Amino acid sequence: MQVLDLYAGPTALKEIQQHGLKQHMFDYMLGASGGPKWFVLAGLDRYVFSTFFAQRKTPLQVIGSSAGAFRFACFAQQDPLAAINRLADRYSHTEYSDKPTAKEITLSGLELLDYVLGDNGVEEIIHNPIIKAHFIVARCKGLTQFEAKPLQLTGLLASAGANAVQRRFLQRFYERYVFASPTSELQISDPNKMPTRYVPLSKRNLAQALMASGSIPLVIEGVSNINGAPKGMYRDGGIIDYHFDLNFGPHDGLVFYPHFYPKPIPGWFDKSLKRRLPHKSSYDKVVMAVPSDEFIASLPYQKIPDRKDFETMPAQQRIGYWQTVIEQSDRLGEAFANLTQDQDVANKVKPFNF
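This one's a predicted model, so the numbers in the text were calculated from it and none came from an experiment.

### A short note on the overall build of the protein
Piece 1. The secondary structure content of the protein amounts to twelve helices and 13 strands.
Piece 2. Projected onto its principal axes, the C-alpha coordinates of the protein cover approximately 55 × 45 × 45 Å.
Piece 3. In the protein, which comprises 354 residues, the share counted as buried stands at 58%.
Piece 4. Within the protein, contacts between residues at least 6 apart in sequence are counted, and of these 77% link residues at least 24 apart.
Piece 5. Total accessible area computed for the protein in this model is approximately 14,900 Å², and 51% of it derives from carbon and sulfur atoms.
Piece 6. Charged side chains of the protein number 39 positive and 35 negative; the gap between the two group centres comes to 8 Å.

Structure follows, in structure tokens:
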């Protein structure tokens with residue numbers, strides 16, 4: 001059974017045809033929002049973090065929102081394998097009360113973050129000379145900045161309506177902030193002309209930025225007044241950059257993107273907009289590694305995990321299911337390792353179908 005599919009844009013495919021699949025080809029790596037969906041990629045992350053990029057000599061810019069930001073907070077620590085295992089284990093064992101409040105879920109997230117970062121994680125991420133971490137966060141405007149659910153919901157509905165008209169109208173409700181490695185040179189270009197603002201990561205704001213990047217509206221409390229950034233309410237980076245529709249500079253290398261689906265969804269509000277696809281130019285240099293349909297069909301319930309599992313499954317059933325997916329995900333890491341040694345890998349790459 002083929003467990004992993006590779007997709008590539010035209011420029012990325014030419015590079016693979018010439019050089020195979022080598023770590024030095026990549027200057028960037030992306031990590032999408034998606035909460036528990038990430039469990040299906042855990043084994044791929046374990047291999048990529050600890051082995052594929054282990055001998056890296058030049059900086060790799062890693063850019064994540066929400067769950068992707070948490071993953072890359074692991075990648076930029078000195079022992080990324082231990083860190084990603086802490087994240088997978090603690091997150092997959094999460095339990096809530098029958099009707100959890102935003103406060104309860106927020107406190108659980110803060111405990112998870114503290115456990116994943118450990119005693120030295122913040123310092124290690126900030127000072128990593130090779131793995132340059134970037135966490136995407138949305139700064140809220142208007143009613144979306146309030147915690148009161150009626151006000152926040154009204155703001156969300158208004159922003160969803162504006163987004164349905166044109167994606168760039170999102171900037172009336174949210175601003176993209178990138179909390180970046182202090183020595184980062186990353187440049188983000190948005191084909192929808194939404195601006196990007198950068199704030200250096202520091203000991204005082206890293207945990208705040210990371211928590212904000214995963215603060216799902218209405219579900220988790222936002223983070224207000226992050227140190228070093230303009231005052232305001234900050235929430236989930238996936239609101240603007242759910243699966244990404246961006247170009248990166250200043251370097252010309254490829255973008256490595258382990259992802260859950262072969263068709264990325266630009267922003268959180270685009271999930272129901274079937275016509276809203278990323279620009280082809282944003283994926284010209286992207287190599288995407290995706291679990292195959294066959295692999296997903298082999299999992300319990302023939303699907304990858306998602307947040308709805310909290311509502312539809314008793315805790316022990318859900319935790320058992322998630323643990324099985326995490327164990328099975330090691331097969332993706334093994335498959336990717338084999339592709340890096342495959343002389344015929346270019347002929348196994350698929351074009352993006354969007």
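Continuing now.
### Comments concerning the pairing of strand β1 (residues 4-8)
Piece 1. Of all the five residues making up β1, five are buried; the element is thus mostly covered by neighbouring parts of the structure.
Piece 2. Judged by which residues are buried, β1 turns out to be covered on both faces: Leu4, Leu6 and Ala8 on one side and Asp5 and Tyr7 on the other are all buried.
Piece 3. Note that β1 and strand β12 (residues 286-291) share five bridges and pair antiparallel. The residue bridging Ala8 from the neighbouring strand is Val287, located in β12.
Piece 4. Across three bridges, the pairing between β1 and strand β13 (residues 349-351) is parallel. Residue pairing for β13: Ala8 is matched across the bridge by Pro351.

### Here we look at the nonpolar core
Piece 1. With 122 residues, the main nonpolar core has Phe26, Met29, Val48, Tyr174, Phe179 and Phe336 as its most contacted residues.
Piece 2. The element best represented in this core is strand β4 (residues 131-140), accounting for seven residues.
Piece 3. In this structure, Val48 is in contact with Met29, Phe53, Phe256 and Phe336, ignoring residues within four places of it in sequence.

### Comments concerning the packing of aromatic side chains
Centre distance and the angle of the planes are the two values used to describe a pair of aromatic rings.
Piece 1. In total, this model carries 30 aromatic pairs according to the counting rule given.
Piece 2. Aromatic pair Phe72 and Phe75: ring centres 6.4 Å apart, planes at 50°, arrangement tilted. Within this pair, Phe72 and its partner Phe75 are both found in helix α3 (residues 67-75), separated by three residues, close to a single helical turn.
Piece 3. By relative accessible area, Phe72 is classed as buried at 0%.
Piece 4. Members of the aromatic cluster, connected to one another through ring pairs, are Phe26, Tyr47, Phe49, Phe52, Phe53, Phe72, Phe75, Phe256 and Phe336.
Piece 5. Above the plane of the ring of Tyr115 lies Arg90, whose end atom (NZ or CZ) is 3.7 Å from the centre.

### Brief notes about the environment of Leu143
Piece 1. Within the fold, Leu143 resides in the loop between β4 and α7 (149-165).
Piece 2. Given the relative accessible area of 33%, Leu143 is considered partly exposed.
Piece 3. Distance from Leu143 to Asp344, taken between C-alpha atoms, is 53 Å for residues 201 residues apart in sequence.
Piece 4. Ignoring any residue separated from it by four or fewer positions in sequence, one finds Leu143 in contact with Leu151, Gln152, Thr154 and Gly155.

### Observations regarding the pattern of salt bridges
Piece 1. Summed over the entire model, instances satisfying the criterion amount to 17 salt bridges.
Piece 2. A salt bridge links Lys103 to Glu221; its shortest N-O distance comes to 3.5 Å. A residue pair is termed long-range when its members are at least 10 positions apart, and Lys103 in helix α5 (residues 102-117) and Glu221 in the loop between α8 (206-213) and β8 (223-224) qualify at 118 residues.
Piece 3. Between Glu123 and Lys203 there is a salt bridge whose closest N-O contact spans 3.4 Å. Pair noted here: Glu123 is in helix α6 (residues 121-126) and Lys203 is in the loop between β7 (196-200) and α8, with a separation of 80 residues, a long-range link.
Piece 4. For Lys203, a relative accessible area of 61% puts it in the exposed group.

Conventions and cut-offs
Residues numbered from 1 in each chain as written. Predicted model: local features only at pLDDT ≥ 70, side-chain atom pairs only at ≥ 80, totals over all residues. Heavy atoms only, no water. Helix = DSSP H or I, 4+ residues; strand = E, 2+ residues; numbered from the N terminus. Buried < 20%, exposed > 50% of the residue type's maximum accessible area, 1.4 Å probe, protein only. Contact = heavy atoms within 4.5 Å. Areas by Shrake-Rupley, 256 points an atom, 1.4 Å probe, with all protein chains shown as cover. Lys, Arg positive; Asp, Glu negative; His and termini not counted. Charge placed at Lys NZ, Arg CZ, Asp CG, Glu CD. Pairing = 2+ DSSP bridges. Core = buried A, V, L, I, M, F, W, Y, C linked by side-chain atoms within 4.5 Å. Phe/Tyr/Trp six-rings, centres within 6.5 Å; stacked < 30°, edge-to-face > 60°. Lys NZ or Arg CZ within 6 Å of the ring centre and 35° of its normal. Salt bridge = Lys/Arg side-chain N within 4 Å of Asp/Glu carboxyl O.

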